[in-house]
Amino acid sequence: MKIKLYDECGRKNIFDNLKYLSNGECGSVYLLEDNKCLKYITDEYAYDVNAFNTINNLELPNFTYVYKLLFNTNGNFGGYIMKYYKKEIEDILTTETAYTLENLKQIIISIKKITDEGILVKDLNSNNVILGKDIMTIIDFDMYKYSRIAYEQLNKYNYQYIMFLFKCLYLDCLHNYHKTTLYSNKKINELFNDNNTFQDISKKLIKYKYPIDYVK
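*Asks:* Quick question: what am I supposed to make of the packing of helix α3 (residues 151-177) against helix α4 (residues 182-191) here?
*Replies:* Each packed pair of helices is defined by two parameters, the angle between the axes and the distance between the axes. The interhelical angle for the contact between α3 and α4, taken along N-to-C directions, is 165°, at an axis separation of 9 Å. Between α3 and α4, the crossing angle belongs to the class labelled roughly antiparallel. Seen along the crossing, α3 lies across α4 with a hand that is right-handed. In contact with K167, Y170, L171, L174 and H175 of α3, α4 contributes S184, N185, I188, N189 and L191. Partitioned by chemical class, the residues of the contact of α3 with α4 number five nonpolar, four polar and one charged.

*Asks:* For this particular structure, what's the right way to read unusual backbone geometry?
*Replies:* Leaving glycine out, the prevailing phi sign among residues is negative, and the prevailing peptide bond configuration is trans. Look at D34: it is not a glycine, yet its phi comes out positive at around 60°. With phi around 60°, N35 is a residue other than glycine that occupies positive phi space. Of note, N35 is situated in the loop between β4 (27-31) and β5 (36-41). Of the residues examined, N35 reaches a relative accessible area of 42% and is grouped as partly exposed.

*Asks:* Looking at this structure, how should I read the state of the cysteines?
*Replies:* The bond known as a disulfide is covalent and runs between the sulfur atoms of two cysteines. Tallied over the full model, the rule gives zero disulfides. The thiol of C168 is unpaired, and the distance to the nearest cysteine sulfur, on C173, comes to 11 Å.

*Asks:* Can you walk me through the pairing of strand β2 (residues 12-16) in this structure?
*Replies:* Residues in a regular strand point their side chains to alternate faces of the sheet. Burial of the side chains of β2 is restricted to one face: N13 and F15 are buried, whereas none of K12, I14 and D16 on the reverse face is. The hairpin formed by strand β1 (residues 2-6) and β2 contains five residues between the paired strands, and G10 there has a positive phi angle of roughly 85°.

*Asks:* Quick question: what am I supposed to make of the nonpolar core here?
*Replies:* Soluble, globular proteins show a tendency: their nonpolar side chains are buried together. If you look at the biggest cluster of nonpolar residues, it comprises 55 residues, and the most contacted ones within it are M136 and Y144. Top element by residues in this core is α3. It accounts for 10 residues. Sequence-distant contacts of M136, that is, excluding residues within four places in its chain, are made with N62, I92, Y99, N103, I107, V129, I130, L131, L165, F166 and L169. Counting nine residues, the second largest nonpolar core, distinct from the first, contains I3, L32, L38 and L70.

*Asks:* Looking at this structure, how should I read the pairing of strand β3 (residues 19-23)?
*Replies:* Here four bridges tie β3 to β4, and the two strands are oriented antiparallel to one another. Bridging across to β4, S22 finds its partner in V29. With antiparallel pairing between neighbouring strands as the criterion, β3 and β4 make up a hairpin whose turn holds three residues.

*Asks:* Help me understand the packing of aromatic side chains, please; the structure alone is not making it clear to me.
*Replies:* What describes a pair of aromatic rings is the distance from one ring centre to the other and the angle between the planes of the rings. Counted according to the given criterion, the structure contains 16 aromatic pairs. Taking the centre distance of 4.8 Å and the plane angle of 50° together, the rings of F52 and Y80 count as tilted. Residue F52 is found in helix α1 (residues 49-58), and its partner Y80 is found in strand β7 (residues 77-83); the two are separated by 28 residues along the sequence. Accessibility assignment for this pair places F52 and Y80 in one class, buried. Relative to F164, the ring of Y161 has its centre 6.3 Å away and its plane inclined at 80°; by these criteria the two rings are edge-to-face. In this pair, Y161 and F164 both sit in helix α3, three residues apart, roughly one turn of the helix. Here F164 falls in the partly exposed class, since its relative accessible area comes to 39%.

*Asks:* When you look at the layout of surface pockets in this model, what are you seeing that I'm missing?
*Replies:* Any empty space left between the atoms is revealed when a probe the size of a water molecule rolls over them. Size it by volume and the largest pocket reaches roughly 850 Å³. Taken together, 35 residues form the lining of the largest pocket, with S22, N127, N128, I130 and I139 sitting closest to its centre. Put simply, the parts of the chain that give the lining of the largest pocket at least two residues each are β3, β4, β5, β7, β9 (129-131) and α3. Broken down by element, the lining of the largest pocket gets its largest block of residues, five residues, from α3.

What counts, and at which threshold
Residues numbered from 1 in each chain as written. Predicted model: local features only at pLDDT ≥ 70, side-chain atom pairs only at ≥ 80, totals over all residues. Heavy atoms only, no water. Axes fitted to C-alpha atoms, helices over the stretch in contact; angles between N-to-C directions. Helix = DSSP H or I, 4+ residues; strand = E, 2+ residues; numbered from the N terminus. Parallel < 35°, antiparallel > 145°, perpendicular 65-115°, else oblique. Left-handed = near helix turned anticlockwise from the far one by under 90°. Contact = heavy atoms within 4.5 Å. Nonpolar A, V, L, I, M, F, W, Y, C, P; charged D, E, K, R; others polar. Buried < 20%, exposed > 50% of the residue type's maximum accessible area, 1.4 Å probe, protein only. Disulfide = S-S within 2.5 Å. Pairing = 2+ DSSP bridges. Core = buried A, V, L, I, M, F, W, Y, C linked by side-chain atoms within 4.5 Å. Phe/Tyr/Trp six-rings, centres within 6.5 Å; stacked < 30°, edge-to-face > 60°. 1 Å grid on protein atoms, 1.4 Å probe; cavity = no way out; pocket = protein on both sides within 12 Å on 5 of 7 lines; lining within 4 Å. Points joined across faces, edges and corners; volume = space filled by probe spheres on them.

Below, the structure is given as structure tokens:
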């Protein structure tokens, strides 16, 4: 397979002999050399490249670093080269509670900075996050966009996405690695309720070494 794209200066970039990594709703990811990978976009979504650049320039610790934006022959957003992150944690429920709380705190701070820029978070779910040994990294933010929504409402929407992300991470691991019960599902949904603050969540989890002990 050969992919031909152009950088922001119009220089041609040709990628061949690519190693496939994963596939999503809007494109595929391929491994490159030097610990980098290519996200190749194949859908017709109206991407907000300005929002994408703004987030990348913020250099947020829980967001992947993007080296280069790429465009197709029509000048439309066609992909980007980003740092490659290897998944090191499979089950967040049996990883120490401090991992959840530290990453939740940092992601709340990061999303707040994105909100302050007037950007609406989109498509934030467990498929777009890599669980590293010490840090969770959001690897896909190409669908985020500038919004005219009033700040208070924008802040609410973006915070809901954070709660949705952690709810997905916990429920996915519960269903994949543990015995699922209605009680356990309910506990996770209550923990990451949209109205809960970081302090609320911390008070509930901090008593347990591992989140699974709270969920049971």
